[in-house]
Amino acid sequence: MQRGSDRLSVHRDDEMKHELQGLLRSGHPTRAEEWHDPEPSADDDPLVAGGPVAPGSSAASLETVRLELARILRRHSFPAGPRELAGELRRSHAPDALADPVGRLPRSERYANVQQLAEALTDGGRGDRR
């Protein structure tokens, strides 16, 4: 006799295993009702499975670089130069693919916010700063 804290009966557990067999074997949903399936990602969703965002890569748009920088850097980090920002990124355990390009920016530059920093990384500093 099993005395666990199972929420489902043995019969319901077997029924759920049977329902999932088609999905596990085929690798794609097998239901006729589409509302059971998860929605595909939208065109403007940030890439999640592609690994860390690296400025200069094909997937690194201004928006994705800005999103990644804003996720790691805080408002108190600005205004700052590239050395301070690269140090802050490393202290926050940011990927090297993001911290190294920030450290290679011209030392004389100062960035007031994440937007200016992202523009400098994606344009190579050629964009107009406001």
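Let us look at the structure shown here. (Residues numbered from 1 in each chain as written. Predicted model: local features only at pLDDT ≥ 70, side-chain atom pairs only at ≥ 80, totals over all residues. Heavy atoms only, no water.)

Our next topic: helix α3 (residues 82-91). Along α3, the residues that are buried comprise Pro 82, Leu 85, Ala 86, Gly 87, Glu 88 and Leu 89. Just downstream of α3 lies His 93, where phi reads positive at about 60°. (Buried < 20%, exposed > 50% of the residue type's maximum accessible area, 1.4 Å probe, protein only. Helix = DSSP H or I, 4+ residues; strand = E, 2+ residues; numbered from the N terminus.)

Here the focus is the pattern of salt bridges. Under the counting rule described, the total for this entry stands at five salt bridges. Ionic pairing is found between Asp 13 and Lys 17, a salt bridge with its closest N-O pair at 4.0 Å. Separated by four residues within a single helix, Asp 13 and Lys 17 lie in helix α1 (residues 10-26), roughly one turn from each other. (Salt bridge = Lys/Arg side-chain N within 4 Å of Asp/Glu carboxyl O.)

With that settled, the discussion passes to the packing of α3 against helix α4 (residues 96-103). Across the interface, α3 lies against α4 with an axial gap of 8 Å and an inter-helix angle of 165°. Between α3 and α4, the interaxial angle falls into the category roughly antiparallel. Read as a crossing pair, α3 and α4 show a hand that is left-handed. Contact residues: Pro 82, Leu 85, Ala 86, Leu 89 and Arg 90 in α3; Leu 98, Ala 99, Asp 100, Val 102 and Gly 103 in α4. Class assignment of the residues belonging to the contact of α3 with α4 gives a composition of seven nonpolar, one polar and two charged. (Axes fitted to C-alpha atoms, helices over the stretch in contact; angles between N-to-C directions. Parallel < 35°, antiparallel > 145°, perpendicular 65-115°, else oblique. Left-handed = near helix turned anticlockwise from the far one by under 90°. Contact = heavy atoms within 4.5 Å. Nonpolar A, V, L, I, M, F, W, Y, C, P; charged D, E, K, R; others polar.)

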